[in-house]
Every structure is written in structure tokens, then in C-alpha cells.
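# Residue-level structure breakdown
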Amino acid sequence: MDESKDVPKDFIKLKSEKLSVDEVSELVISPYCGAVSLFIGTTRNNFEGKKVIHLEYEAYTSMAETEIKKICRDVRQKWPSVKHIAVHHRLGVVPITEASVIIAVSSPRRAESLEAVMYCINTLKASVPIWKKEIYEDEYSWKENKECFWANSEK
């Protein structure tokens, strides 16, 4: 089989519509890979004893896409066997149980794809300008990512 026909690809999307796990996982499937690893971040109904109604996300879209591309480049340097990477993040209102972010990575073996997915979500939360607002029953709160490098540099 000619693996050169299945060149590595990155699929990055920020959108306000509901995310699809099937769509994202299908993007990264390759006949040369025996592993597809997924991370799905969903909206939970509580935070520190407060009832969460839904989340709202905003982004500096062009910068967010640039930063996600950097993450994909880093993944390919750290795990050269990774074939395809998909990072889809929802913007706007995200109801309880729906996905806010889906990350999928394919590789010939599971270790690389699992490690790459963990690296992707951790680095995304630390460096990509996407902001989360939690809406509670009687108030709301903009959430600061504790991993975010620019939030920590100002303290």
C-alpha cells in the first residue's frame, strides 16, 4: 500500500453548532493506523456546589486557530507516527451533557495517540484564547483556566 496517498492532516474547527463525535472521529481514520484516541469535554450540571444551567464560550477565533495549529505541529514533533489530528471546539451556548470540545488523533499504535490527545487538551486549555462563562441558576461566572499561561503571568 502507498502510504504517501494518506498524507497527515489537521482538522481544526471552531463553530457554534453542536459537535459530532462521529464526524470528528471519522476525519482521522486511516488504513495505516490501528488507533484512534478521543477526548470529549462535555458540560456538566454542577460546579463547586452550584447548579450549572449551561456554558457559553467566546474566542479570539483567528488567534485560537493559529494556536491550535501550533499544538498540532508540536504533536507531530513529539509523536512523529501520528497521522491525523482533529480539534473541534464549540462556541456560544453549550447545554448540559453536550460536547464543548472534541479532539481525535490517529496513529499506528495506541500509546502515541493517547499521549497526543492528552497533550492536545492540556495545551489547548493553557494557551488557546477561548473563554468559558458558566451560567448558574441565579448568577454567572467567567472561568479562568488555571493552566492558562497568561493568567498566571499577571499575578
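Note that the coordinates shown come from a computational prediction; the quantities given were computed from them, not determined experimentally. (Residues numbered from 1 in each chain as written. Predicted model: local features only at pLDDT ≥ 70, side-chain atom pairs only at ≥ 80, totals over all residues. Heavy atoms only, no water.)

Looking now at the overall build of the chain. When you go through the chain residue by residue, the secondary structure sums to 4 helices and 9 strands. Element order for the chain, N to C, with α for helix and β for strand: β-α-β-β-β-α-β-β-β-α-β-β-α. Within the chain, buried positions represent 43% of all 155 residues. Pairs at least 24 apart in sequence give 74% of the contacts found in the chain among residues at least 6 apart. (Helix = DSSP H or I, 4+ residues; strand = E, 2+ residues; numbered from the N terminus. Buried < 20%, exposed > 50% of the residue type's maximum accessible area, 1.4 Å probe, protein only. Contact = heavy atoms within 4.5 Å.)

Spatially, 4 strands are ordered E1-E5-E7-E2 in an open sheet, and the strand pairing comes out mixed. Edge positions in the sheet fall to strand E1 (9-15) and strand E2 (35-42), since each has one partner strand and no second. Here the average twist between neighbouring strands, direction ignored, is 5 degrees. Relative to strand E5 (residues 84-90), E1 runs parallel, the two sharing 7 bridges. The partner of Lys9 across the bridge, within E5, is His84. Along the sheet face, helix H2 (residues 61-78) touches E1 and E5 and points at about 150 degrees away from the line of E1. Packing of helix H3 (residues 110-127) onto the sheet brings it into contact with E2, E5 and strand E7 (99-107), and relative to E7 it is tilted by some 145 degrees. (Pairing = 2+ DSSP bridges. Axes fitted to C-alpha atoms, helices over the stretch in contact; angles between N-to-C directions.)

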